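Inside the fold
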Amino acid sequence: MYMFFLSCLKATELIEKKFHFKLTAKEKLQLKMHKMMCTACSKYEKHSILIEKGISNIQKSETPTIDVEALKTKISKKIEEFNKN
Amino acid sequence: MENENLKKWVNEFTNELYKWAYYKTSSTEASEDLVQETFLAAAEKLNTFKGDSSPKTWLFSILNHKIIDYYRKNVNKPVAIESISISTYFDEDGGWQQEKRPKDWQDKENQLLDNDDFQQILQKCLDALPEKWNTCVKLKYFTEKSGEDICQELGITSTNFWQIGHRAKLQLRNCIENNWFKN
């Protein structure tokens, strides 16, 4: 049975790993067992998913406006300089 | 003649390129630099552009390479990754340190995500991450790439990648809990 027991450190690592990589069958089982017994890690997972969503919300909502015309002028000048050399 | 094209493209595509760069880097300064570098690279290899693809596609592919370079540079910057060590969060046996155990976040998830103050705290905590972690977190969330692809681009192992993500998340979560829930 000992092979099924994860520490909280390992469990939270697997929770993070799961966002990007497929867990092995063993890892899935280990994580499931751990979460059944550990409320702290279950909370951690909920929070982690919430944070993921929050970050993608931030990213979608804001593109600060800049002076695009100024940037265009700046780039055009650089290109002219480049062509002279 | 060709240069006329390039000038036209600066006019036409700067805005879109900038928005894309910002989406990928979350930095106005870096985005402006990246767009500028993109056009300079385009000027340099204008004769290799054969018009097989649209100029827009061509420019975006140059920009994407620049963005990858930007990420790579940031990841390779040495940071004191041990400065916040794992032992802050876990004891020797890998159990939660008492004061770092996740607490109940009582608010409903959707309410939190709609809350501007909560978003601001999240942003603040995100900014407070060490730069290396920040880059990894951004790559993870702001590109549609798979974990494997990101690792390949950054030249790090997949284990390294999610471990960085793990540490970043521990710190983020803790930062949010401290700032939001203790008020």
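So, a few notes on the structure that sits alongside this text. (Residues numbered from 1 in each chain as written. Chains lettered and ligands numbered in written order. Predicted model: local features only at pLDDT ≥ 70, side-chain atom pairs only at ≥ 80, totals over all residues. Heavy atoms only, no water.)

1. Side note on the environment of Ser48 of chain A
Checked against the element boundaries, Ser48 of chain A lands in helix H3 (residues 39-61). Residue Ser48 of chain A is classed as buried on the basis of its relative accessible area, which comes to 0%. Between the alpha carbons of Ser48 of chain A and Thr12 of chain A there is a distance of 9.6 Å; along the sequence they are 36 residues apart. Here the side chain of Ser48 of chain A touches Lys169 of chain B through a polar contact of 2.5 Å, side chain to side chain. (Helix = DSSP H or I, 4+ residues; strand = E, 2+ residues; numbered from the N terminus. Buried < 20%, exposed > 50% of the residue type's maximum accessible area, 1.4 Å probe, protein only. Polar contact = N/O pair within 3.5 Å; in protein donor to acceptor, adjacent residues only side chain to side chain.)

2. Focus on the packing of helix H5 (residues 116-127) of chain B against helix H8 (residues 158-180) of chain B
The angle between the axes and the distance between the axes are what describe a pair of packed helices. All names here are of chain B. H8 packs onto H5 with a crossing angle of 135° between their chain directions and a minimal axis gap of 9 Å. Comparing their axes, H8 and H5 come out oblique. Taken as a pair, H5 and H8 cross one another with a handedness that is right-handed. Listed contacts from H8 to Asp117, Phe118, Ile121, Leu122, Lys124, Cys125 and Leu126 of H5 are Leu172, Cys175, Ile176, Asn179 and Trp180. Looking at the contact of H5 with H8 residue by residue, the class counts come to nine nonpolar, one polar and two charged. (Axes fitted to C-alpha atoms, helices over the stretch in contact; angles between N-to-C directions. Parallel < 35°, antiparallel > 145°, perpendicular 65-115°, else oblique. Left-handed = near helix turned anticlockwise from the far one by under 90°. Contact = heavy atoms within 4.5 Å. Nonpolar A, V, L, I, M, F, W, Y, C, P; charged D, E, K, R; others polar.)

3. Digging into helix H1 (residues 8-18) of chain A
Within H1 of chain A, nine of the 11 residues are buried, leaving the element largely enclosed by the surrounding structure. Listed as buried for H1 of chain A are Cys8, Leu9, Ala11, Thr12, Glu13, Leu14, Ile15, Glu16 and Lys17 of chain A.

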